[in-house]
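# Overview (structure and organization)
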Amino acid sequence: MLLQGKTALIVGVANKRSIAWGIAEAFHREGATLAFNYQGERLKENVEGLAAAMPGALVVPCDVTNDAEIDAMFAAVKEKLGRLDILVHCVAFAKKEDLEGAFVGTSRDGFAMALDISAYSLTALAQRAAPLMGGEGPDAPGGAILALTYLGADRVVPKYNVMGVAKAALESSIRYLAWDLGQRNIRVNGISAGPINTLAARGIAGFTSILQHVREKSPLKRNTEPAEVGDAAVFLCSDLGRGVTGEVLYVDNGYHIMGT
Ligand code: NAD
């Protein structure tokens, strides 16, 4: 029960395959009280259905491109949960055409959209979460913020394209937020997950061959499971991770260490 008495807002559940759901299951097992968003009416039923298994969970709409919806989500969290201990960001989007062709062909509009939804949204959420995590100073109760990223931030993964640039911005945002929010005792970290077959991943051209390649080349010879990400998230967001901030932890069965 590493998260007993803690409250967590998990942004980015679409369905039961979502990495966010793997994190939610681990947090629930460890005793956290959870809140979820859903992006638009299309996903409402899915998220409400999943959250029903977690008594007391709050479910609210929020599209991260809409400031009014972000404000309303945090107002609901404040009203229902009082304070917030943990914020988890599992949100990414790029236009389909920008994940198919060459990166050099990325449109201005596609670039702006991918960066807004996949990177800026972390800052937009963090600036509203921080006041719900307590006051200033090293003895403030503080909290933990976690975002999901991918190796394509550092290395060229063909077809990942503009999403790689967005993840690089996300990882840099993690470090700047860690500096800013450290004085409130809020830690900000990332998990760089190995490829997992989710709704978002299926938008990347050739994703199945990426899964196979990583399975064959990684030291542990298998693909990453959402539950593995969930357990690492418990570490980073619980007191076990109290000395860690501004860090990106790879949960990829070791794939990123390989040179071939
Ligand atoms: P997913 O499709 O289950 O989750 C993506 C979520 O982003 C969805 O819930 C979707 O509703 C949400 N989203 C997109 N645009 C949004 C918007 N405008 N407002 C609010 N929400 C929006 O896929 P996933 O793979 O679980 O993705 C979760 C995170 O994990 C993403 O940041 C992704 O880049 C990252 N990640 C995924 C993999 C992988 O291989 N699947 C690997 C590393 C990192």
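It should be noted that the structure appears before, not after, this text.
Notes on the structure follow. Quick caveat: nothing in here was measured; it's all calculated off a predicted structure. (Residues numbered from 1 in each chain as written. Predicted model: local features only at pLDDT ≥ 70, side-chain atom pairs only at ≥ 80, totals over all residues. Heavy atoms only, no water.)

### With respect to the site of the ligand
Neighbouring residues of the ligand: 29 residues in total, closest S18, Q39, K167, I196 and T198. Expressed as a share of its isolated accessible area of 820 Å², the protein-covered part of the ligand is 94%. In the shell around the ligand, the residues fall into 20 nonpolar, 7 polar and 2 charged. (Near = heavy atom within 4 Å. Areas by Shrake-Rupley, 256 points an atom, 1.4 Å probe, with all protein chains shown as cover. Nonpolar A, V, L, I, M, F, W, Y, C, P; charged D, E, K, R; others polar.)

### Brief notes about the pairing of strand β1 (residues 7–11)
Most of β1 is tucked away: 5 of the 5 residues are buried. Sheet analysis places β1 next to strand β2 (residues 33–38), joined by 4 bridges and oriented parallel. Along β2, the bridge assignment pairs L9 with A35. Chirality of the crossover, the property in question, places the unit of β1, helix α1 (residues 19–29) and β2 among those that are right-handed. When β1 meets strand β4 (residues 86–89), the two strands line up parallel, connected through 4 bridges. Its bridge partner being in β4, A8 is matched across the sheet by I86. (Buried < 20%, exposed > 50% of the residue type's maximum accessible area, 1.4 Å probe, protein only. Helix = DSSP H or I, 4+ residues; strand = E, 2+ residues; numbered from the N terminus. Pairing = 2+ DSSP bridges. Right-handed = clockwise from strand over helix to strand, strands pointing away.)

### Some remarks on the pattern of salt bridges
Using the criterion set out here, one finds 10 salt bridges in the structure. The partner of R29 in a salt bridge is E30, and the shortest N-O contact between them spans 3.0 Å. Overall, R29 belongs to the partly exposed group, its relative accessible area being 46%. Between R222 and E228 there is a salt bridge; the shortest N-O distance is 3.6 Å. Classification of R222 by relative accessible area gives partly exposed; the value is 40%. Residue E228 is classed as partly exposed on the basis of its relative accessible area of 24%. Several salt bridges converge on common partners, so that one network encompasses R29, E30 and D231. (Salt bridge = Lys/Arg side-chain N within 4 Å of Asp/Glu carboxyl O.)

### Brief notes about helix α6 (residues 207–217)
When α6 is considered as a whole, its buried residues turn out to be F207, I210, L211 and V214. Within α6, the buried residues cover an arc of 100° as seen down the axis, which keeps them to one side. (Arc of directions from axis to C-beta.)

### What about the packing of aromatic side chains?
Scanning all chains against the criterion turns up 2 aromatic pairs. Taking 5.7 Å as the distance between ring centres and 40° as the angle between the ring planes, the aromatic pair formed by W21 and F36 counts as tilted. Of this pair, W21 sits in helix α1 while F36 sits in strand β2, placing them 15 residues apart in sequence. Exposure class is identical for W21 and F36. Each is buried. Plain terms: the ring middles of Y150 and Y160 are 4.8 Å apart, the flat faces sit at 65° to each other, and that makes the pair edge-to-face. Residue Y150 is found in the loop between β5 (143–149) and α5 (162–182), and its partner Y160 is found in the loop between β5 and α5; the two are separated by 10 residues along the sequence. When sorted by exposure, Y150 lands in the same class as Y160, which is buried. (Phe/Tyr/Trp six-rings, centres within 6.5 Å; stacked < 30°, edge-to-face > 60°.)

### What about the nonpolar core?
Counting residues in hydrophobic clusters, the biggest one holds 50 residues, and the most contacted among them are L9, F74, L87 and I145. Mapped onto this core, the elements with two or more residues apiece are β1, β3 (58–61), α3 (67–81), α4 (108–129), β5, α5, β6 (186–193) and α6. Once residues within four sequence positions are removed from consideration, L87 is found in contact with L9, V11, F74, L125, A126, A129, M133, A144, I145 and L146. Core analysis: the next-biggest nonpolar cluster, separate from the first, contains 38 residues, L34, F36, A51 and I196 among them. (Core = buried A, V, L, I, M, F, W, Y, C linked by side-chain atoms within 4.5 Å. Contact = heavy atoms within 4.5 Å.)

### Thoughts on the sheet that holds β5
The 7 strands are arranged β3-β2-β1-β4-β5-β6-β7 in an open sheet whose pairing can be described as parallel. The open sheet has two free edges, formed respectively by β3 and β7 (248–251), since each of these has just one partner strand. For this sheet the average axis-to-axis angle between neighbouring strands, irrespective of direction, equals 20°. Contacts from helix α2 (residues 41–51) reach β2 and β3, with the element oriented near 160° to β2. Those strands touched by α4 are β1, β4 and β5, and its axis lies near 170° from that of β4. (Axes fitted to C-alpha atoms, helices over the stretch in contact; angles between N-to-C directions.)

Any link to function would need more than the numbers given here.
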